[in-house]
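Fold and contact review
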Amino acid sequence: MTLGPLRALVVALACAWLTAAPAEGQRASLVRIRALTEAWGPTTLLVGLRDGLQELGYREDRDFSIGVRFTQGDPTELPAAARDLVKLGVDLIVAADTSNAIKAAQAATDRIPIVFVGGSDPVESGVIKTFARPGGNVTGVADIDVELVPKRMELFREIVPALKRVLLPYDAQNPLAATLLRAHRDAARRLGLVLVERPFRSQEEPQGALAGVRKGEADGILSPRLHSLNIPGFILELGAKATPTMFHSSFYVERGGLASYGADRHEMGRQAARLVAKILKGAKPADLPVEQPNTFELVVNLRTAKALGLTVPESALLQAGRIIHDGPR
């Protein structure tokens, strides 16, 4: 199977972003930060982390280096990837996007500091003891995405007034899917929407199914927050051409999706950078309270709306933190 446009883009970004080896003489003081994610490359969270460290005065390739270990949608590869990072002797691990990555990092080391970015309800999932005192060698920024599901679906209905049937494709084998599925079912019931659930178990399944979504089968497609099986990527490549789409991250709206609602993920990365800086100055992760996002935004792509023949109500546009008028990046 060849790379689709989104996958090719993200893999290219990943190759360009992996940090080059520092010059001789800089190695002793250079802090080696390595990120672990099941995404397809450096995500907006990790770009925000790098930007945040630079804003705090840390110089990339002189004071710190960042590399990314990404498992391209396969959460089962995370434990081995985490163990590899420990063997490399990195100074700090950033677990990004899901609690799968956080748990893999925790299982691999109880010594190296871990800062997570993303991962809903870390207390319930067993990642931390409490938000105030997380314990162990971990702290971070939780994305509370499960709590945002009702608002995201409500905004989707407001953007697409004819929305009645919503397609939710998801990886049935991802251990986090059950929690997200319950949240979507409850929200759909309260909003009077029909949730069309579509479980997948291999990457080939969503690629074919999303290309063949028939008119009347669904009035819109909700992208799952999880990266596994590259379902968000296939929704963007295939579903967004003919059906309104709602994502959790503006990354996809900037590339042709209709809308997104969620925490500002670049800002979450900058929050995590401040935690990293405290650890580099001697603080213990166990003593640093886990933070939650400060900024949430609705992003709407009007060019995509026009291509779909959709007029977005003014009431929805007034709630948007950002409106995109030009084409995909």
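Everything quoted here is computed from the prediction, not taken from an experiment. Residue numbering note: each chain is counted from 1, following its sequence as written. Two thresholds apply to this predicted model, a pLDDT of at least 70 for residue-level local features and 80 or more for giving and counting side-chain atom pairs, whereas whole-chain, interface and lining totals are computed over all residues. To get the side-chain values, take all heavy atoms of the structure and skip hydrogens and water.

**Description of helix H3 (residues 78-88)**
Side chains three or four residues apart in an α-helix point the same way, a direct result of the helix having 3.6 residues per turn. Heads up, the rule is: When a residue's accessible area, from a 1.4 Å probe over protein chains only, is under 20% of the maximum for its type it is buried; when over 50% it is exposed; and in between it is partly exposed. Put simply, DSSP marks the helices as runs of H or I at least four residues long and the strands as runs of E at least two long, and each gets a number from the N terminus on. To obtain the arc, one takes the directions from the helix axis to the C-beta atoms. What makes two residues a contact is simply this: any of their non-hydrogen atoms within 4.5 Å.
Along H3, the positions that sit buried rather than exposed are Leu78, Ala81, Ala82 and Leu85. Angular distribution of buried residues about the axis of H3 spans 100°; they occupy a single face of the element. As for H3, its buried residues are in contact with strand S1 (31-37), strand S2 (64-70), strand S3 (92-97) and helix H4 (99-108). Positive backbone phi, approximately 75°, marks glycine 89, located one or two places after H3.

**Some points on the sheet that holds strand S12 (residues 322-324)**
Rules: Following DSSP output, two strands are said to pair if at least two bridges run between them. With axes taken as lines fitted to C-alpha atoms, and helix axes fitted only over the stretch in contact, angles between N-to-C directions fall between 0 and 180 degrees.
With mixed pairing, seven strands are arranged side by side in an open sheet as S7-S6-S8-S9-S10-S11-S12. Of all the strands in the sheet, just strand S7 (194-200) and S12 have a single pairing partner and so form its edges. For this sheet, the mean inter-axis angle between neighbouring strands, taken without regard to orientation, is 20°. Bridge count between strand S10 (residues 259-263) and strand S11 (residues 296-301): five bridges; the pairing is antiparallel.

**Here's the deal with the pattern of salt bridges**
Applied cut-off: Between Lys or Arg on one side and Asp or Glu on the other, a salt bridge is scored when a side-chain nitrogen of the former is within 4 Å of a carboxyl oxygen of the latter.
Inspection of every chain in the model, using the stated rule, returns 17 salt bridges. Notably, a salt bridge pairs arginine 265 with aspartate 97, separated by 3.4 Å at the nearest N-O pair. Placement of the pair is arginine 265 in helix H10 (residues 265-280) and aspartate 97 in strand S3, with a sequence separation of 168 residues. Of the two residues examined, arginine 265 and aspartate 97, each falls in the buried class. Via salt bridges that share partners, Glu55, Glu267, Arg270 and Arg274 belong to a single interconnected network.

**A word on unusual backbone geometry**
Trans peptide bonds make up the majority, and among non-glycine residues the majority have a negative phi. Non-glycine residue glutamine 72 carries a positive phi angle of around 50°. Residue classification places glutamine 72 among the partly exposed residues on the basis of a relative accessible area of 33%. Of note in the backbone geometry, aspartate 97 takes a positive phi value of approximately 85° without being a glycine. The buried category is assigned to aspartate 97, whose relative accessible area is 3%.

**A word on the pairing of S7**
Put simply, the rule is: When the strands point away from the viewer and the connection leading from the first strand across the helix to the second strand turns clockwise, the crossover is called right-handed.
Across seven bridges, the pairing between strand S6 (residues 165-171) and S7 is parallel. Residue pairing in the sheet places proline 169 in a bridge with arginine 198 of S7. Remark: the S6/helix H6 (residues 177-191)/S7 crossover connection has right-handed handedness.

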